[in-house]
Amino acid sequence: MTKERVLTAIVSFFFFLVIVTDFCFKYSRIYIGETIKFLPITKSLIAIVFLSALWFIKLIKKKDIYVLILITAPTIIHLFLSNPVEIRSFLDIIGKYVFGIIIMLFIFRTRKILSENILVNSLICLSIINFTCIISGYFFDIYIFETYTGERFGYNGIFKSTSVASYFYMFTLTYICLKPHKSFFDNTWIILLLVSSIFVGSKSLLAFLFLIFFMILIKYLSKRQAIISEKFFYMISSVFGLILTFLLINFYFFLNPTFNQILTEQGFLTAFFSFRDIIVINVFNAINDGYQFSDFLFGGVFKLGTLTETALLDLFLTFGLVGTFFYIYFIKYNLPKIYSPFTQFVLSFIVLLILLRGNFLYYPSVLFVSFFVISLILNQERQL
C-alpha cells in the first residue's frame with residue numbers, strides 16, 4: 001500500500017470515527033441524560049496525528065508554526081493575565097479554533113496526494129447510511145434522528161447537529177455537481193442527497209438547494225447566450241438569485257408556524273438569524289460597557305461569557321484584532337486559486353452563510369466533515 005493510500009485510509013477512518021463518536025454523544029444526551037466526555041480526546045488525537053503526518057511527509061513549514069503562534073499566543077497570555085474565573089472553558093474555545101486550523105492546514109497541503117476513490121466511497125457510504133436513518137426516522141417517528149426539538153420539522157439522521165448535516169450536504173452536492181460527466185450512479189446519488197437535504201429542514205440548506213438549482217440553470221443559459229461576457233452574466237444572475245432567495249425564505253416563514261410566529265413578533269431579521277441578531281446587539285452593548293484596549297487587541301470573550309455564532313465576530317471576540325488578522329492571513333496564503341465561476345459563486349454563498357449564521361470555525365465536527373469534502377471539491381476544480 002502506497003504512502004498516499006495509507007494517508008487517505010487514516011483520513012477516512014477518522015472521518016467515520018468523528019461521525020460515530022458524535023452519534024454516541026447525541027444518543028447519550030437524549031436517552032441517558034448525560035454527555036460523554038471522550039469527544040475532546042478524539043479530536044485531540046486527530047489533531048496530533050495530522051500534525052505528525054504533516055511533519056513526517058515534510059508538508060508543514062516554519063511559517064505555519066509562526067502564524068499559529070501569532071494567532072493563539074497573545075490571546076492565551078492575555079487570558080491568563082486577566083485571570084477569569086472560568087479560564088478552562090475559554091481555553092477550550094481556543095483549542096477548538098486550533099483544531100480547525102490544523103484540519104485546514106492538513107487538507108490544503110495533502111489534498112493533491114489523497115486518493116479520490118477512497119474519499120468518494122466514504123462519502124457514498126455515509127450518504128446511504130444517513131439517508132436510511134432519515135427515512136426511518138420520518139416513517140417510524142424515531143426521535144434520535146430528528147433535527148429539532150419541538151414542532152419544527154427536520155430529520156438529520158446520525159449527524160449530531162443541524163450544522164454538521166447542513167454543511168455535509170452543501171459541500172457534497174457542490175462536489176457532485178462539479179463532475180463534468182455524470183453516470184447513472186452519480187445521478188442516483190444526487191437524488192439521494194437532495195431528498196436527505198430537504199428532510200434535514202435547515203433554512204440555510206433549503207436556501208442552498210434553491211440557489212444551486214438556480215446556478216445550474218444559469219450555467220446552462222450562460223453557455224447559450226452571447227450578448228454579455230460570462231462573468232458579467234454570472235454577476236447579474238447572482239444578484240437576482242440572492243433577491244429571489246430572500247423572497248422565498250420570507251414565503252417559507254409564512255408557511256412555517258414556528259417562524260411565522262417569530263416573523264410576526266420579532267420581524268424578518270430575527271426569524272432569518274434565529275435570534276442571533278439580538279445576541280449580537282447584546283454583545284455589542286457588553287463590549288461598550290466592559291471592553292478595554294487590550295481586549296480589542298487580543299480578545300475578550302471571557303468578559304462576555306458567550307459567542308454569537310457569527311463567524312467573523314466570534315473570531316474577533318476570541319482572538320481580538322491581532323489574532324483575527326493572522327487567522328485571515330493564514331487562510332489567504334493557504335487557500336488555492338479557484339477558477340470556475342460556478343464554484344466561486346457556490347463557495348462564496350456558503351462562506352456568506354458561515355459569516356452570518358454559523359459556528360463553523362470553532363465547531364470541530366463541522367470543520368472536519370466539511371474539509372473532508374472540500375478536498376474533493378478543490379481537486380475536482382483543478383480538473384475543470
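Everything here concerns the structure above.
These lines cover the structure that appears in this document, whether it is placed above or below. Being a predicted model, the structure only gives us computed values, none of them experimental.

1. Some points on the packing of helix H4 (residues 87–110) against helix H16 (residues 364–383)
Running from N to C, H4 and H16 cross one another at 15°; their axes reach a closest spacing of 10 Å. With respect to H16, the element H4 is oriented roughly parallel. For the pair H4 and H16, the crossing hand works out as right-handed. In contact with Lys-96, Phe-99, Gly-100, Ile-103, Met-104, Ile-107 and Phe-108 of H4, H16 contributes Pro-364, Leu-367, Phe-368, Phe-371, Ser-375 and Leu-378. Classifying every residue of the contact of H4 with H16 by side-chain character gives ten nonpolar, two polar and one charged.

2. Observations regarding empty space enclosed by the protein
In this structure the tally under the stated criterion is four cavities of 30 Å³ or more. The volume enclosed by the largest cavity comes to roughly 120 Å³. Along its surface, the largest cavity is lined by 13 residues, and Phe-246, Ile-249, Phe-272, Phe-349 and Leu-353 are the ones closest to its centre. Contributing elements (two or more residues each) for the lining of the largest cavity: helix H8 (203–222), helix H9 (230–255) and helix H15 (341–357). Among the residues making up the lining of the largest cavity, the classes are represented as nine nonpolar, two polar and two charged. Of the volumes computed, that of the second largest cavity is approximately 70 Å³. Considering the residues around the second largest cavity, the lining is formed by Leu-51, Ile-60, Asp-64, Ile-65, Val-67, Leu-68, Ile-71, Ile-101, Ile-102, Leu-105 and Phe-330. It is helix H3 (residues 62–82) that provides the largest number of residues to the lining of the second largest cavity, a total of five residues.

3. Topic: a nonpolar patch on the surface
Residues Leu-312, Ile-328, Val-351, Leu-352, Leu-355 and Leu-356 make up a contiguous nonpolar surface patch of roughly 460 Å² in combined accessible area. For the nonpolar patch, the elements supplying multiple residues, two or more each, are helix H14 (311–334) and H15. By residue number, the principal contributor to the nonpolar patch is H15, which donates four residues. Examined against the element boundaries, Ile-328 turns out to sit in helix H14.

About the cut-offs
Residues numbered from 1 in each chain as written. Predicted model: local features only at pLDDT ≥ 70, side-chain atom pairs only at ≥ 80, totals over all residues. Heavy atoms only, no water. Axes fitted to C-alpha atoms, helices over the stretch in contact; angles between N-to-C directions. Helix = DSSP H or I, 4+ residues; strand = E, 2+ residues; numbered from the N terminus. Parallel < 35°, antiparallel > 145°, perpendicular 65-115°, else oblique. Left-handed = near helix turned anticlockwise from the far one by under 90°. Contact = heavy atoms within 4.5 Å. Nonpolar A, V, L, I, M, F, W, Y, C, P; charged D, E, K, R; others polar. 1 Å grid on protein atoms, 1.4 Å probe; cavity = no way out; pocket = protein on both sides within 12 Å on 5 of 7 lines; lining within 4 Å. Points joined across faces, edges and corners; volume = space filled by probe spheres on them. Patch = residues over 30% accessible without salt bridge, like charges linked within 9 Å, V, L, I, M, F, W, Y side chains within 5 Å. Areas by Shrake-Rupley, 256 points an atom, 1.4 Å probe, with all protein chains shown as cover. Salt bridge = Lys/Arg side-chain N within 4 Å of Asp/Glu carboxyl O.

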